[in-house]
Amino acid sequence: MSSDVTSAGRVDGEAGAPAGRVDGEAGVSRPASTARARVIGGTLSLFASELLTLFRRRRTWALLGALALIPILIAVAIRIAGDAPSGRGPAFLGQITENGLFVGITAMVVATPLFLPLTIGVVAGDTIAGEASHGTLRYLLIAPAGRIRLLAVKYAATAVFCAAATLTVVVVGTLIGWALFPVGPVTLLSGATVSVGEGLVRFLAIAAYVTVSMLGMSAIGLFLSTLTTVPVGAMAATAILAVVAQIMGALPQLEWLHPWLFTEYWLGFADLLRQPPVWDSFADNALLQAGYLVVFGALAVSRMVTKDVLS
Amino acid sequence: MRAQHGSGASRRLSRWIPAIAAPIAIGVAVVVVPMQASAAVDLPDLTPAELLEFASASEVDALSGTIEQTSELGLPDLSGLTGTMGGGAGGDASSGGFGSGSGQGDSSGDGTARDAASATDLDDLISLATGTHTARVYLDGTNARLQVLDDLAERNVYLTDEGAWIYDSREQAATHVTVDRAALDALKAEASAQAEAHADEARDRLEAEFGTPLPTPEEVLDQALAKLDESTEVSVGTDARIAGREVYELVLEPRDADTLVGEISVSIDGDTGVALAASVTASGASEPAFSVAFTEVTFEAPDASVFAFTPPEGTAVTEHEVPVPTLAELEQRKAEHAAGTGEPSDRMPQPEVIGEGWSTVVVLPMAGAGAGATEGLDPEAAALLGTLTQPVDGGRILQTSLVTVLVTDDGRLLAGAVTAERLLDAAASGR
């Protein structure tokens, strides 16, 4: 990270007059070790303050609340209306009346295609464009935060939100299921039954899987966010891309493209409910998302360091 | 980009290098990694006969691996219509993923078999014939398990000494197939005793006929190959790599012009002799119409817990005991079949075979024969059949790149790996 500051400092100095003015570090030199400690400490405190800002916002809690409503709605509806006819509705719906723990998984199946990408798109699209629209981006860059470091911190905060969002769905689903339905050993897709404890561990693994699934889209959102000063544009574009990718994934004519879509393995988390669990899709998914992170991360970095920060 | 002077512009451009380099690096990795994986494989050369012998001598009885099956039969892909995201399109309980699809019959004790093929069964058949499926297989000496990995669902077949379990997670239904072991053992003992007695007699007769001792297994294989050579060109293809293992390729090419099959290729592991992949290519096509291959395989016995199955609570369990006939009953049945008698009403309709070799056509009298070939199906299934088949003179025809099926108006079903013309010809002439 130490090079980030110096390079970003130089970058800012050269990136045109307005950016040059906001750079507070150009021309300052100090011993490398102190600089490194300062940078790490600075990055951590920046990350901490970024998280604090994110989770202090009412909007963040509204998004998480909306996600929490999905399992609550499912559980209450089934509690009131009774079992669904077999084979209809989202997967795992029929198992809820037998085992309330499945509320979280059913909610995850429902939330993954649209609600999760929507909420995460809001946060990812807001990262840079939100600061720019508030006019706070240049102040962030005045602080000894290089542009690349700011980008990294913003992305890390988005990743934390991804984890919070998926955990919200799984944890709220499990709790509401526990409250409203009988709970017992978990029947896996293979027909094997595991204890409640192992079932919960698997549900946490699913939350991890879905979190990883969303990282590629977060990188896309981060890049789009560097392109504009209108956060809504970046948010909408991110969510639309997620939907478009899923539509393309449903078209057999585009089969050659499917392995490259960042949505390809989104619903593959069911592989963790097999006995023995199949980890192939987890690995494939992680590799794919890492590819998106590298490509769109690099694009975002290039865009960020060449950007004229006017607000 | 509002750079005022040249050096500034070039520095700005240089900052886009990571953004350009990242996709290029990924692209190169995507191209290079598989190339290295399939880098030239050179196994010791074998003739087709040697390869077959090597494969048949294979003694692998334990493995676990992942299989991928792909079908491109040229059917319209109906998965978007018949399957929905996450949920099954089906309605009622199915008999565990093994749709019969062919109307009435085979309801011997199976509580869930229905009189008419439902749309669910057709869905299962169509889903098998289109798209890609992934499954895991586990084998040890006595047990076997096939685990079909569907989206958000799974179908399993567990085979153990105690019988077979078929479990479908989407339907939450399990079928338990058991065989009366005592009766089976008795049948085996009886049959082998009889076979031994017959074998001595047969060997004496054969030796008298040939005037020489019985041929060795290699000779038998050679003779079989010579016979096969009349209809099929057998050759050894290029060595390749399947699931990270070096394989031989055995290629079968029909000499028959009437058949739709262009080439059958079987990949045989160069180390163990196990078939690791097979594919069928239609004549004139470059890509296989049907292929099944291991993507990953190990030859170690899987953990015993993999084969354990007890139906979970809330599962509809169907018990199905397969009756074991005695040897006498079997012989009687065979005799009846040969004589063309017997009771066709309570058995599957007996198929009739026209032609031989690759252009064999199978004729099946359709249950509920009548003017409407789709009679006896529920409306949804009939509609589905309607979109799949085309009307021709005297019936409806289903044309895929490998198999052609003709349903005639007079209630016969003809199928074969042949062209539509050959099938219509067979329907008209009965030859």
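Everything quoted here is computed from the prediction, not taken from an experiment.

*Asks:* Got a minute to help me understand the overall build of chain A in this structure?
*Replies:* Scanning chain A for helices and strands turns up 11 helices and two strands. Each helix (α) and strand (β) of chain A, taken in turn from the N terminus, gives the series α-α-α-α-α-α-α-α-β-β-α-α-α. Here chain A holds 311 residues, and 52% of them are scored as buried. When contacts within chain A are restricted to residue pairs at least 6 apart in sequence, long-range pairs at least 24 apart make up 77% of them. As presented, chain A carries roughly 12700 Å² of accessible surface, and 70% of it is formed by carbon and sulfur atoms.

*Asks:* Quick question: what am I supposed to make of the overall build of chain B here?
*Replies:* Looking only at helices and strands, one finds 10 helices and 19 strands in chain B. With 431 residues in all, chain B has 35% of them scored as buried. Long-range pairs, those at least 24 residues apart, make up 55% of the contacts in chain B with a sequence separation of at least 6. As presented, chain B carries roughly 23700 Å² of accessible surface, and 57% of it is formed by carbon and sulfur atoms.

*Asks:* Explanation requested: helix α6 (residues 115-134) of chain A in the structure shown.
*Replies:* Think of an α-helix as 3.6 residues a turn; residues three or four steps apart then line up on the same face. Residues and elements named next belong to chain A. Of all the bends in α6, the greatest measures close to 55 degrees and is centred on T127. Most of α6 sits inside the fold, with 16 of its 20 residues counted as buried. Directly beyond the C-terminal end of α6, a positive phi value near 75 degrees is found at G135.

*Asks:* Explanation requested: the sheet that holds strand β14 (residues 352-354) of chain B in the structure shown.
*Replies:* Each strand in a sheet pairs with another by means of backbone hydrogen bonds, the pair being arranged parallel or else antiparallel. Residues and elements named next belong to chain B. In space, the six strands of this open sheet follow the order β14-β15-β19-β18-β17-β16, with antiparallel pairing throughout. In this open sheet, the two strands that pair with only one neighbour each are β14 and β16 (390-392). Each neighbouring strand pair of the sheet contributes to a mean axis angle of 25 degrees, computed without reference to strand direction. As judged from the three bridges shared by β14 and strand β15 (residues 361-365), these two strands associate in the antiparallel manner. Note on β15: the bridge partner recorded for E352 is V363. In this fold helix α10 (residues 420-429) packs onto β14, β15, β16, β17 (395-399), β18 (404-408) and β19 (412-416), with an angle of close to 35 degrees to the strand it touches most, β18.

*Asks:* Please explain the packing of aromatic side chains as it appears in this structure.
*Replies:* A ring pair, where both rings are aromatic, is described by two values, the distance of the centres and the angle of the planes. Residues and elements named next belong to chain A. For the coordinates displayed, the defined rule picks out 14 aromatic pairs over all chains. Linked through ring pairs, F223, F262, W266, Y292 and F296 together constitute an aromatic cluster. When the ring centre of F181 is taken as origin, the NZ or CZ atom of R79, which lies over that ring, is 5.9 Å away.

*Asks:* Would you mind going over the pairing of strand β10 (residues 261-269) of chain B with me for this structure?
*Replies:* Two faces, one strand: in a regular strand the side chains alternate between the faces of the sheet. Residue and element names in this part refer to chain B. With eight of nine residues buried, β10 is to be regarded as a mostly interior element. Of the strand pairs in this sheet, β10 and strand β11 (residues 275-282) are connected by seven bridges, and their pairing is antiparallel. The residue bridging S267 from the neighbouring strand is A277, located in β11. Here β10 folds back onto β11 in antiparallel fashion, the turn holding five residues, of which G273 has a positive phi close to 80 degrees.

*Asks:* Would you take a moment to explain the nonpolar core for this structure?
*Replies:* What tends to happen in soluble globular proteins is that the nonpolar side chains get buried as a cluster. Core analysis: the biggest nonpolar cluster contains 82 residues, and A:F92, A:L116 and A:F269 have the highest contact counts within it. The dominant element in this core, judged by the number of residues it contributes, is helix α9 (residues 196-227) of chain A, at 14 residues. If sequence neighbours within four positions are ignored, A:F269 has contacts with A:I105, A:M108, A:V109, A:T112, A:I206, A:Y209, A:V210 and B:L152.

*Asks:* Just to check I follow, could you spell out the environment of B:Q390 for this structure?
*Replies:* Here B:Q390 lies in strand β16. Once the C-alpha coordinates of B:Q390 and B:L406 are considered, the two residues, 16 residues apart in sequence, prove to be 9.5 Å apart.

*Asks:* Looking at this structure, I do not really get the UniProt feature "transmembrane region" (unreviewed entry) in chain B. What am I missing?
*Replies:* When the UniProt feature table is mapped onto this chain, "transmembrane region" (unreviewed entry) is found at residues 16-35 of chain B. In this annotation, residues 16-35 of chain B is assigned 95% helix and 0% strand; the end-to-end C-alpha distance for the span is 29 Å.

What counts, and at which threshold
Residues numbered from 1 in each chain as written. Chains lettered and ligands numbered in written order. Predicted model: local features only at pLDDT ≥ 70, side-chain atom pairs only at ≥ 80, totals over all residues. Heavy atoms only, no water. Helix = DSSP H or I, 4+ residues; strand = E, 2+ residues; numbered from the N terminus. Buried < 20%, exposed > 50% of the residue type's maximum accessible area, 1.4 Å probe, protein only. Contact = heavy atoms within 4.5 Å. Areas by Shrake-Rupley, 256 points an atom, 1.4 Å probe, with all protein chains shown as cover. Bend = angle between axes of the 7 residues up to and from the residue. Pairing = 2+ DSSP bridges. Axes fitted to C-alpha atoms, helices over the stretch in contact; angles between N-to-C directions. Phe/Tyr/Trp six-rings, centres within 6.5 Å; stacked < 30°, edge-to-face > 60°. Lys NZ or Arg CZ within 6 Å of the ring centre and 35° of its normal. Core = buried A, V, L, I, M, F, W, Y, C linked by side-chain atoms within 4.5 Å. UniProt positions renumbered as here; feature names shortened; annotations may be inferred.

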